Amino acid sequence: MARAVWLVMDSFGIGNAPDAAAYGDAGADTFGHIAAACARAPRGPLRLPNLTRLGLPQAHALATGAPAAGFEQVPAPEALWGCMAERASGKDTPSGHWETAGVVLEQPFGLFDAPEHSFPPELLAALIDQARLPGVLGNCHASGTEIIQRLGAEHIASGKPIVYTSADSVFQIAAHEQHFGLERLYEICLIARRLLEPWNIGRVIARPFVGTAEAGFTRTGNRHDYALEPPGHTLLDAVCAAGHAVHAIGKISDIFAARGVTRKRLASGHDALFEATFAALAEAADGELIATNFVDFDSVYGHRRDVPGYAAALEHFDARLPALLDALRPGDLLAISADHGCDPTFPGSDHTREQVPLLAFGPGLPARALGRRTSFADLGQGLATHLGLPPLAAGRCFLTE
């Protein structure tokens, strides 16, 4: 049994899902397009020796039918590798994580489709009244980094928070930490979470920022997600029900509405997230689950369409993997996946409907191909089996087939 470690490379898709065209994402390929851009650039090919050891290039080639640029000739994998497509509708963070943990979302989240005047007037009126606000700014689809530069000064002068959304099921509220107040921002997010119940919106996200109009505004690491609870029994719930601990690192606790979480570890930035993962491994006992979300791939590089930044973050992540692999004990299982895509070469700034990798490694675990998986839930079912838990409601165990 030993322990299980689940790392989520947030937004790291490896080729468009079979139904990507229905989402306007035909041809999306986060990994493949980053690799192609690097191969054309003076910096040279993308270098991911440790993810290559785990089978990432083969998983991508299986998903797309062609190798990524710079990965045409790679050694045989030393781990279990395959690709997964999502069963649930959408391409958002909660549905991707929940499905991986064994709960397939049958009823899609609600969306605010209108690019401008995105939110129903009655929703905003209730929020302004109940949160005692002078009004709101934004009310549109927007990139979070762009909208705070555009409206940050007006927000400070007026005291009106900035509200915006995207193609995902989100209601985002941005406010200045000093001028508006961090706790005040969290307070109005809780009010919004309650008001949004009739619209079935997956997440309310607090987006605090700092800075000035002259120097520019910068988002801080004090983001907080207020998610709906998963509509079924997740892998995290199952671990807790068996009397074992779940170590939720980064935004994992927020995504699962803190349900099934024994120990919440906050960390901002990939290095801090790795350090928190190492700390959890150092204290975790047999039967326990460690889950870490590496959000910067998505929020800092994918949504901002920063191809060089995404590439550098991948290489940095790869360089940290050997220490993590060395920290595993006999009987431990490490699984690496993603929750959706966010192709930084694609138009717009939204997620992309993609397949994701399923890479699994354990000391002494024989390497083999896992093939194409038709649900992210196959990963969670495998982790449940590894931890000696009863079968989850969804998924086929990749370990026992």
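Here the structure is shown first, and the text comes after it.
Model, not experiment: these values are computed from the prediction.

The helix and strand inventory of the protein chain stands at 13 helices and 14 strands. In terms of overall dimensions, the protein chain has a C-alpha envelope of 60 × 55 × 40 Å along the principal axes. For the protein chain, contacts bridging at least 24 residues in sequence account for 69% of all contacts bridging at least 6. For the protein chain, the accessible surface area stands at approximately 14,500 Å², while carbon and sulfur atoms represent 55% of it. Charged side chains of the protein chain number 31 positive and 44 negative; the gap between the two group centres comes to 1 Å.

With that out of the way, let us pick up the packing of aromatic side chains. What the rule picks out here adds up to 13 aromatic pairs. On the numbers, 4.5 Å between centres and 50° between planes, the contact of Phe119 with Phe171 is tilted. Within this pair, whereas Phe119 is found in the loop between α4 (93–100) and α5 (121–130), its partner Phe171 is found in strand β5 (residues 170–176), the two being separated by 52 residues in sequence. Grouping residues by exposure puts Phe119 and Phe171 together as buried. Here Phe209 and Phe217 contribute two aromatic rings whose centre-to-centre distance is 5.4 Å and whose plane-to-plane angle is 80°, an arrangement assigned as edge-to-face. Linked through ring pairs, Phe12, Phe31, Phe71, Phe274, Phe278, Phe294, Phe297, Tyr310 and Phe317 together constitute an aromatic cluster.

Taken as a whole, the largest pocket encloses approximately 560 Å³ of empty space. Contributing to the lining of the largest pocket are 26 residues, with Thr220, Gly221, Asn222, Arg223 and Ser268 lying nearest its centre. Considering every element that reaches the lining of the largest pocket, the biggest residue donor is helix α11 (residues 296–302), with 3 residues. Per-class residue counts for the lining of the largest pocket are 7 nonpolar, 10 polar and 9 charged. Counted as a void, the second largest pocket has a volume near 190 Å³.

Side chains of strand β9 (residues 246–249) alternate between two faces, with Val246 and Ala248 and His247 and Ile249 buried alike. Sheet topology places β9 next to strand β10 (residues 263–265); 3 bridges connect them, and they run parallel. Residue Ile249 lies in a different strand from β10, and its bridge partner there is Arg265.

If you look at the biggest cluster of nonpolar residues, it comprises 87 residues, and the most contacted ones within it are Leu46 and Leu289. For this core, the leading source of residues is helix α12 (residues 307–327), giving 8 residues. Once residues lying within four places of it in the same chain are set aside, the contact partners of Leu289 are Ala4, Trp6, Leu235, Leu236, Val239, Ala245, Val246, His247, Leu383 and Leu387. Within the second largest apolar cluster, 26 residues are counted, among which are Phe119, Leu123, Phe180 and Tyr186.

A side chain with one charge can pair with a side chain of the opposite charge if their charged atoms come near. Tallied over the entire structure, the rule returns 23 salt bridges. With its nearest N and O atoms 3.8 Å apart, the salt bridge here joins Glu106 to Arg87. Here Glu106, found in the loop between α4 and α5, pairs with Arg87, found in the loop between β2 (80–84) and α4; they are 19 residues apart in sequence, far enough to count as distant. Using a relative accessible area of 47% as the deciding quantity, one classes Arg87 as partly exposed. Of the charged contacts in the structure, one is a salt bridge between Arg265 and Glu283, with a shortest N-O distance of 3.0 Å. Placement of Arg265 in strand β10 and of Glu283 in helix α10 (residues 270–283) is noted, with a sequence separation of 18 residues between them. Relative accessible area serves as the criterion here: at 12%, Arg265 is assigned to the buried category. Through salt bridges that share partners, Asp19, Glu86 and Arg353 make up one connected network.

Attention now moves to unusual backbone geometry. Here the phi dihedral of Asn200 falls at roughly 55°; this positive angle occurs in a residue that is not glycine. Within the fold, Asn200 resides in the loop between α7 (177–195) and β6 (203–212). In this model, Arg305 sits at a positive phi of 55°, which is unusual for a non-glycine residue. Mapped onto the elements, Arg305 comes out in the loop between α11 and α12. Under the relative-accessibility criterion, Arg305 is labelled buried at 18%.

The subject of this paragraph is empty space enclosed by the protein. For the coordinates displayed, the defined rule picks out 1 cavity of 30 Å³ or more. By volume, the largest cavity is sized at about 240 Å³. Along the walls of the largest cavity sit 23 residues, with Ser166, Gln172, Arg207, Arg219 and His303 positioned nearest its centre. Secondary structure elements with two or more residues in the lining of the largest cavity: α6 (144–158), β5, β6 and α11. If you tally residues by element for the lining of the largest cavity, the top one is β6, at 3 residues. Counted by class, the lining of the largest cavity contains 4 nonpolar, 10 polar and 9 charged residues.

What counts and how
Residues numbered from 1 in each chain as written. Predicted model: local features only at pLDDT ≥ 70, side-chain atom pairs only at ≥ 80, totals over all residues. Heavy atoms only, no water. Helix = DSSP H or I, 4+ residues; strand = E, 2+ residues; numbered from the N terminus. Contact = heavy atoms within 4.5 Å. Areas by Shrake-Rupley, 256 points an atom, 1.4 Å probe, with all protein chains shown as cover. Lys, Arg positive; Asp, Glu negative; His and termini not counted. Charge placed at Lys NZ, Arg CZ, Asp CG, Glu CD. Phe/Tyr/Trp six-rings, centres within 6.5 Å; stacked < 30°, edge-to-face > 60°. Buried < 20%, exposed > 50% of the residue type's maximum accessible area, 1.4 Å probe, protein only. 1 Å grid on protein atoms, 1.4 Å probe; cavity = no way out; pocket = protein on both sides within 12 Å on 5 of 7 lines; lining within 4 Å. Points joined across faces, edges and corners; volume = space filled by probe spheres on them. Nonpolar A, V, L, I, M, F, W, Y, C, P; charged D, E, K, R; others polar. Pairing = 2+ DSSP bridges. Core = buried A, V, L, I, M, F, W, Y, C linked by side-chain atoms within 4.5 Å. Salt bridge = Lys/Arg side-chain N within 4 Å of Asp/Glu carboxyl O.

Honestly, it's all geometry; don't read function into it.
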